[in-house]
Amino acid sequence: MTTYGLLIFEGAEELDWVGPWEVFTVSEMVVNGGSLPEGRVVSIAEGGGVVRCNKGLRVLADHDLGDHPPLDVVLVPGGQGTRREADNEKVLAWLRDQDATTTWTTSVCTGALLLHTSGVAEGKKLATHWSFEEALEQRGANVVRDRRWVRDGKVVSSQGVSAGIDMALWLIGQIHGPDHARAVQKYIQYDPAPPYQADV
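Note on numbering: residues in each chain are counted from 1, in written sequence order. Only residues with pLDDT of at least 70 are given local features in this predicted model, and only at 80 or more are side-chain atom pairs given and counted; all residues enter the totals for whole chains, interfaces and linings. Side-chain figures throughout are based on the complete set of non-hydrogen atoms in the structure, without hydrogens or water.

## Re the pattern of salt bridges
Here is the rule we go by: Any Lys or Arg side-chain nitrogen found within 4 Å of a carboxyl oxygen on Asp or Glu counts as a salt bridge. In this text, helices come from DSSP runs of H or I with a minimum length of four residues, and strands from runs of E with a minimum of two, each type numbered from the N-terminal end. The cut-offs for exposure are 20% and 50% of the maximum accessible area for each residue type, with area from a 1.4 Å probe on protein chains only; residues under the lower value are buried, those over the upper are exposed, and the others partly exposed.
Applying the stated rule across the entire model yields nine salt bridges. For the salt bridge of arginine 148 with aspartate 166, the shortest nitrogen-to-oxygen distance reads 2.7 Å. One end of the pair, arginine 148, is in the loop between strand 8 (142–143) and strand 9 (149–152); the other, aspartate 166, is in helix 6 (residues 163–176), with 18 residues separating them in the sequence. Its relative accessible area of 34% is what places arginine 148 among the partly exposed residues. One salt-bridge network, in which partners are shared between bridges, spans Glu133, Glu137 and Arg145.

This is how it looks when you write it as structure tokens:
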């Protein structure tokens, strides 16, 4: 059994966490014969309650930082809110505490900033959104620029937005095997094509 915790906060980029959320929940459904056990994929916010994400989506968090189940996987999304959360010692300390016991600690987009500033990814390779690579590098992070996601030990980080889906599929392939990941990919009909090419 795997329990996934997705950190959300004011200004979190929606698809950064909703994309992996879909992958993780479908994965759990496949593992459990079509039903989704309660409490296996949860959203976590500092104070619980309603969180307004980067593009305005409002979400009711399942848990606050102190009342969630033990987590095997933690995912930190990006978004404009990461700049504020990078100075939030309560969230950074929570990340360090979780990383001590997780199997995987992950980020999408500028969520890599929180892994870096918390010390969880100290000395490790990190991927982030293309527009934030230089800024993260200037903060002393070891930034990888040419891969959708990168693994360094138990830390896995991806580039921006849709890259989080790719990372999440890779991750469940590590946990449950490649055939499982392919079944989840088929279920969500995720079949990425080359960049936009249509003539208009």
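Read on for the rest.
## Structural notes on the sheet that holds strand 10 (residues 155–158)
Short version of the rule: By this definition, two strands are paired if DSSP reports at least two bridges between them. Lines fitted to the C-alpha atoms define the axes, with helices restricted to the stretch that makes contact. Angles between their N-to-C directions range from 0 to 180 degrees. We call two residues contacting when some pair of their heavy atoms lies within 4.5 Å.
The sheet built from six strands is open, its strands ordered 2-1-5-6-10-9 with mixed pairing. The sheet is open, and its two edges are formed by strand 2 (41–44) and strand 9, each paired on a single side. Mean inter-strand twist for the sheet, computed between neighbouring axes without regard to direction, equals 20°. When strand 1 (residues 4–7) meets strand 2, the two strands line up parallel, connected through four bridges. Each bridged residue has a counterpart across the sheet, and for glycine 5 the counterpart in strand 2 is valine 42. Against the sheet, helix 6 engages strand 1, strand 5 (73–76), strand 6 (104–108), strand 9 and strand 10, with an angle of about 165° to strand 6.

## Considering the side chain of threonine 2
Position of threonine 2 among the secondary structure elements: in the segment before strand 1. The class for threonine 2 is buried, based on a relative accessible area of 8%. In this structure threonine 2 touches Glu28, Arg40, Asp72, Val73, Ile175 and His176, once residues within four positions along its chain are discounted.

## Things to note about helix 1 (residues 14–31)
Inclusion rule: By definition here, a helix of n residues has an expected span of 1.5 Å times n minus one.
Taking 1.5 Å per residue as the helical rise, helix 1 with its 18 residues ought to reach 26 Å, and the 26 Å between its terminal C-alpha atoms agrees with that figure. Of all the positions in helix 1, only Glu14, Asp16, Trp17, Gly19, Pro20, Val23, Phe24, Thr25, Val26, Ser27 and Glu28 are classed as buried. Two residues or fewer after helix 1 comes glycine 33, characterised by a positive phi angle close to 65°.

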